[in-house]
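# Structure assessment
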Amino acid sequence: MKKLAFKIGLFSLFSFPLFYLLSNFYDNRIPSLNLDKAHQVLKIQNSNFDNVFLGSSRVYNVIDVNLFDSIMKQNSLNLGFGGADYPELYLILNEFLNSKNKVNRIVLQVDLWGFVKVEEAYNHPFSIEKYLHLAGREIPDSLFFCHSERLKYWPRKYIPFFKYAEFNIVYPIDKLMLNRKNRTDYLANKGSILNEGNKKNFLFNRVSDSIIEYHFDYRYFKSLRKLIWLIKQHKISLTLFTSPSYPKFMNSIPLYRIAMDSIMSIAKEHKIPYYNFDKHIMCVDTVNFRDYTHLNTKGAKAFTIALADSLNN
Amino acid sequence: MLFNSFNFLLFFPIVTFLYFALPHKFRWFMLLCASCIFYMFFIPKYILILLFTIVIDYFAGILLEREHDKKKRKRWLILSLVANVGVLAVFKYYNFFNANLKELADTLGWNYGIPALEMILPIGLSFHTFQAMSYTIEVYRGNQKAERHFGIYALYVMYYPQLVAGPIERPQNLLWQFHKKHEFDYKRVTDGLKQMAFGLFKKVVIADRISTFINPVFDSPEGYHQISIFIACLLFSVQIFCDFSGYSDIAIGASRVMGIDLMRNFDRPYFAKTISEFWKRWHISLSTWFKDYLYIPLGGSKKGKFRTYRNLVIVFLISGLWHGANWTFILWGAIHALFNVFGLLTEKFREKLRNVLLISRNKKVEHLVQSSILFLIVSYAWIYFRADTIEKAWYISTKFLTAIPVYVGDVLNNKNFLWLEPLFFNRYIKLVWFEFLVLAASMLILFSYHLLRHRGKGISYINGKKVIVRWSIYTCLVYFIVLFGIYHNKNEFIYFQF
């Protein structure tokens, strides 16, 4: 057994420095590859914004920031990320503000889906693979610890290259070595991408979702409070809103009312203005939606005007 | 828990360490607990199903041995077999037969009110059921003494390396090994670890990489050129081999580390020259199970040609059904039955043909030609195994058969035809060339190793090399697994669904 342990030790001694160097190389190379909107956002520095819209795809795909700015004569940015939940938004916002970016107002999207367990809802589990290169910093590490597989936290932190080997499919070695950048400019329309969707499937998309039994993940209420605290700490004005959804679908979900009441009480508690567009007139007609929870291009433009109108008042 | 998961990376060394650290009398208990934990990682409450069949078979074995009356012995055997097959029938086949009966009733305009059962198939059910059945059959036949130690018998059924996807062991091979004390042996342990590493290499570097290319083709074949479909089918043959034999290697290797030898499950099946030889090399534990417990009791090949063909058809149809509760699997079995019968019928004709075409002059050329043809026909059959529905299987198989002439025709007749793209599944070549290179290199490593074994040189050949050569090979293997393994695709082993 000693012989085997010796050989494994020798192999590790030889391999660890190699993988340590490779891991460092990945840490430095990943930000420049532009693989994700988050990577592009994290490169923004020393910029000033009147408004930052923060949330999931119900910000990313439903707020036309160019239109909003033309109405408000302001400079805004869409920080919506598909499937993002509050821990991820906290991480991005923290890094964004630490890069000396100044923001006057944050408009944060809140809804039922932000509080539901990831395996039941549309949010993805904390997308740790996007932020591996930030490991070693206090806030990313604490989020990795709380919101990803805890057993893997220590190997990811202390075994060189473990975190990247796990995500070979996201970071194939050739992409890193050959510096193959992604040419998509996620910030081309100030971060907004409107989506027409496939209307043919609309009425049948997610029909069965209304009979799914959802459950809250109470950690997300805590995460939302943490996000609000971070915004207040930076003395930034905060407004909460809920993007439009198709009411017939939402009203069939038992937890919907409880989630909305929770959001209202959080808004009251922190004295934050809150606009719930779930009851807006545009929600009556499916013509504005590409699925039950996302507006299409037409709906997004109408909603952007309504949102600008509310914020103006 | 999957063998290619982080949990297993922790589980295996802990269990192995405890195995050698504990006195021999406690090892069976530790292994049994570990196997329970391993199984309960999937759906914990399903362990009750295992417990049910273990209790029935344990007592059936003892009663079979004690009883001298033939009729009563047969009763105990039938009770055990009915319990095992019953569990399989309820959990695996009930919904399939129910749905088909409902469709038939609807066609005939009858009322059919029997509901479907909402349940998930217990993992490894087909494997451990067959293993349990082989125990009672062997006790009945007098080839195996009934195991008196309940814990050891439970371990025989639940032994974690082969619990969920085989090899399907025989009691004569496995049971006595649990009673034997195994010491730490450096060579045996390192050979086991090497086999595990090679199995992992086959699974995460080759099989899972292939799946990233071919899954979209099988999901929507209409969107691809025929040559893409053809290549995807050939690659699936490689994928399923690497996936399943990779699992078997990890299982056999993990067991070997602890000193328990499991039977070989694959013996370079694509090096076979005939379809019957293929089935002697592919999933050996299952094919020998069917041979010993179904084919031979039906008469085997000893009761005339017609009976032989009939028995082959029965065995392959049941084998197809064993693999899955879907008509595609039954059809896959039927195709192999057809190939086997055709093979027997045309054996002499094919030999004459090889002589006429002068192929048999050179044994290596003959082997190459025969293996290549076999690979193509087995790849054709795999289409039915892989496809979700019969309609899709039919579509893909028709495209498969005409792919090459259609592709050559397009290249020659259509000046605007982009001939390279379909070979890479319509992916942008500049972005995927490296992945294909890794795949090609990995498959070359696999082929080279199999060629070595074909020439009678295997792991012992590598063990005989200088230390720098050996370390280079094993280091490359580990680095390939670390740098090129696909881990977050949530890829289960294909045979887990059985």
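Treat the numbers as computed from the prediction; the structure is a model and nothing was measured.

Here the focus is the overall build of chain A. Per the secondary structure count, chain A includes 13 helices and seven strands. Computed over its C-alpha atoms, the radius of gyration of chain A comes to 21 Å, within 12% of the 20 Å expected for a compact globule of 313 residues. Each principal axis of the C-alpha distribution contributes one length, and for chain A these read about 75 × 45 × 40 Å. When each of the 313 residues of chain A is scored for burial, the buried share is 55%. By sequence separation, contacts in chain A at least 24 residues apart represent 82% of the contacts at least 6 residues apart. Only carbon and sulfur atoms are counted for the fraction: they give 58% of the accessible area of chain A, which is about 14,600 Å². Considering chain A, the positive charge centre built from 41 side chains and the negative charge centre built from 28 side chains are found 5 Å apart.

Take the layout of surface pockets next. Residue and element names in this part refer to chain B. Estimates place the volume of the second largest pocket at around 860 Å³. Lining the second largest pocket are 34 residues, with Gln195, Phe198, Tyr449, Arg453 and Ile459 positioned closest to its centre. Where the lining of the second largest pocket is concerned, the elements lending two or more residues are helix H9 (186-219), helix H10 (226-257), helix H18 (429-454), helix H19 (459-463) and helix H20 (467-484). When the residues that make up the lining of the second largest pocket are grouped by side-chain class, the tally is 16 nonpolar, eight polar and 10 charged.

Chain-level pLDDT for chain B is 91 on average; 98% of the residues reach the 70-or-more range. Interface confidence in the predicted complex, given as ipTM, is 0.83; pTM for the same model is 0.89.

Turning to unusual backbone geometry, a few remarks are in order. All names here are of chain B. The omega angle of the peptide bond from Gly166 to Pro167 is 5°, so this bond is cis rather than trans. Relative to the helices and strands, Pro167 resides in the loop between helix H7 (160-163) and helix H8 (171-179). Positioned with a positive phi, His283 is a non-glycine residue whose angle comes to about 45°. Assignment of secondary structure puts His283 in the loop between helix H11 (275-281) and helix H12 (284-295). In this structure His283 comes out as buried when scored by relative accessible area, which is 1%.

In this section: a positive patch on the surface. Side chains of B:Lys364, B:Arg455, B:Lys457 and B:Lys465 sit close together on the surface and give a patch of like positive charge. Summarising the element assignment, B:Arg455 is placed in the loop between H18 and H19.

What follows deals with the state of the cysteines. Two cysteines, two sulfur atoms, one covalent bond between them: this is a disulfide. Residues and elements named next belong to chain B. Within this structure, the stated rule accounts for zero disulfides over all chains. Residue Cys33 stays outside any disulfide, its sulfur separated by 6.3 Å from that of Cys36, the closest cysteine. Residue classification places Cys36 among the partly exposed positions, given a relative accessible area of 21%.

It is worth spelling out helix H13 (residues 305-323) of chain B at this point. Residue and element names in this part refer to chain B. Taking 1.5 Å of rise per residue, 19 residues should cover 27 Å, and H13 covers 27 Å from first to last C-alpha, within 8% of that figure. Every buried residue of H13 is accounted for by Thr308, Tyr309, Asn311, Leu312, Val315, Phe316, Ser319, Gly320, Trp322 and His323. Buried residues in H13, looked at end-on, bunch into an arc of 165°, giving them a common side. Next to the buried residues of H13 lie helix H4 (70-108), helix H5 (125-141), H11, H12, helix H14 (327-345) and helix H16 (363-386).

With that out of the way, let us pick up the interface of chain B and chain A. Tallying the contact residues gives 26 residues for chain B and 25 residues for chain A. Buried area between chain B and chain A, both sides added, is near 2,400 Å², and the carbon and sulfur share of it is 76%. On the surface where chain B and chain A come into contact, there are zero salt bridges. Across the chain B-chain A interface, the total number found is five residue pairs in polar contact (both at pLDDT 80 or more). Going through the elements one at a time, helix H1 (6-21), H9, H18 and H20 of chain B are the ones with two or more residues in the side of chain B that touches chain A. Top contributing element to the side of chain B that touches chain A by residue count: H20(B), with seven residues. For the side of chain B that touches chain A, the class distribution of residues is 18 nonpolar, seven polar and one charged.

Applying the stated rule across the entire model yields 34 salt bridges over all chains. When the shortest N-O distance is used, the salt bridge between A:Arg219 and A:Asp217 registers 3.0 Å. The class for A:Asp217 is buried, based on a relative accessible area of 12%. Across the pair B:Glu366 and B:Arg354 runs a salt bridge whose closest N-O atoms are separated by 2.8 Å. Linking B:Glu366 in helix H16 with B:Arg354 in helix H15 (residues 347-356), this pair joins segments that are 12 residues apart in sequence. According to the relative accessible area criterion, B:Glu366 is buried, its value standing at 10%. Salt bridges linked by common partners bring A:Glu149, A:Lys152, A:Arg156 and A:Glu166 together as one network.

Here we come to empty space enclosed by the protein. Residues and elements named next belong to chain A. As enumerated under the stated definition, the model contains one cavity of 30 Å³ or more in all. Lining the largest cavity are Ile128, Leu132, Ala135, Gly136, Asp141, Phe144, Tyr153, Arg156, Lys157 and Lys163. Counting only elements with at least two residues in the lining of the largest cavity, the list comes to helix H6 (138-147) and helix H7 (153-158). In terms of residues, the lining of the largest cavity owes the most to one element, H7, which gives three residues. Counted by class, the lining of the largest cavity contains five nonpolar, one polar and four charged residues.

The next thing to look at is the packing of H1(B) against helix H2 (residues 24-40) of chain B. Residues and elements named next belong to chain B. Interhelical geometry of H1 versus H2 gives an angle of 170° and a closest axis separation of 9 Å. Looking at the two axes, H1 sits roughly antiparallel to H2. For the pair H1 and H2, the crossing hand works out as right-handed. In this structure, H1 contributes Phe8, Phe11, Val15, Leu18, Tyr19 and Phe20 to the contact, and H2 contributes Arg27, Met30, Leu31, Ala34, Ile37 and Phe38.

All names here are of chain A. Strand order in this open sheet of five strands is E2-E1-E3-E4-E5, and the pairing throughout is parallel. The sheet terminates laterally at strand E2 (76-80) and strand E5 (274-276), the two strands that pair on one side only. Averaged over all pairs of adjacent strands, the angle between their axes in this sheet comes to 20°, without regard to strand direction. Sheet strands in contact with helix H4 (residues 65-72) are strand E1 (48-55), E2 and strand E3 (102-109), and its direction is about 150° off that of E2.

Residues and elements named next belong to chain A. Structurally, Asp278 is set in the loop between E5 and strand E6 (289-291). Its relative accessible area of 6% is what places Asp278 among the buried residues. Residues Asp278 and Phe241, spaced 37 residues apart in sequence, show a C-alpha to C-alpha distance of 9.6 Å. Leave out the neighbours within four places in its chain, and Asp278 touches Thr242, Ser243, Pro244, Ser245, Pro247, Tyr256, Met260 and Cys283. Within the structure, the side chain of Asp278 is placed 3.0 Å from the backbone nitrogen of Ser245, a separation counted as a polar contact.

Definitions and limits used
Residue positions are counted from 1 within each chain, in the order its sequence is given. For this description, chains carry letters from A and ligands carry numbers from 1, given in the order in which they are written. Selection of residues for local features in this predicted model requires a pLDDT of at least 70, selection of side-chain atom pairs for listing and counting requires 80 or more, and totals for whole chains, interfaces and linings are taken over all residues. Think of the side-chain values as coming from all heavy atoms in the structure, minus any hydrogens and water. Helix numbering and strand numbering both begin at the N terminus, where a helix is a DSSP run of H or I of at least 4 residues and a strand a DSSP run of E of at least 2. Restricting the calculation to C-alpha atoms gives the radius of gyration, and the globule rule supplies 2.2 Å times the number of residues raised to the power 0.38. When a residue's accessible area, from a 1.4 Å probe over protein chains only, is under 20% of the maximum for its type it is buried; when over 50% it is exposed; and in between it is partly exposed. Whether two residues are in contact is decided by their heavy atoms: any pair within 4.5 Å suffices. To be clear on the numbers: accessible area is Shrake-Rupley with a 1.4 Å probe, and residue cover counts the displayed protein chains and nothing else. Residues scored as charged are limited to Lys and Arg (positive) and Asp and Glu (negative), so that His and the chain ends carry no count. The atom standing in for a charge is NZ when the residue is Lys, CZ when it is Arg, CG when it is Asp and CD when it is Glu. Lining residues are those with an atom within 4 Å of a point, where the points come from a 1 Å grid over the protein atoms alone and group into cavities, where a 1.4 Å probe fits but cannot get out, or pockets, open sets with protein on both sides within 12 Å along at least five of seven lines. Grid points are joined across faces, edges and corners, and a volume is the space filled by probe spheres set on the points. When residue character is reported, Ala, Val, Leu, Ile, Met, Phe, Trp, Tyr, Cys and Pro are called nonpolar, Asp, Glu, Lys and Arg charged, and the others, Gly included, polar. Residue-level confidence of the predictor, termed pLDDT, takes values from 0 up to 100. Note that patches include only residues with greater than 30% relative accessible area and no salt bridge, and the join distances are 9 Å for like charges and 5 Å for nonpolar side chains (Val, Leu, Ile, Met, Phe, Trp, Tyr). Definition used for salt bridges: Asp or Glu carboxyl oxygen within 4 Å of a side-chain nitrogen of Lys or Arg. The rule for a disulfide is simple: a pair of cysteine sulfur atoms within 2.5 Å. Expected span of a helix, by definition, is 1.5 Å for each gap between consecutive residues, and there is one gap fewer than residues. This arc is taken over the directions from the axis of the helix to the C-beta atoms. By definition, the buried area sums, over both parts, the 1.4 Å-probe accessible area that each loses when the two are put together. Here a polar contact is taken to be a pair of N or O atoms separated by no more than 3.5 Å, where protein atoms must pair a possible hydrogen donor with a possible acceptor and residues adjacent in sequence count only if both atoms sit in side chains. Here an axis means a line fitted to C-alpha atoms, over the contact stretch when the element is a helix, while the angle between two N-to-C directions is reported on a 0 to 180 degree scale. If an angle is under 35 degrees, it is roughly parallel; if it is over 145, roughly antiparallel; if it lies from 65 to 115, roughly perpendicular; otherwise it is oblique. In this scheme, a crossing is called left-handed if the near helix is turned counterclockwise away from the far one by less than a right angle; it is called right-handed if the turn is clockwise. If DSSP finds at least two bridges between two strands, the strands pair.

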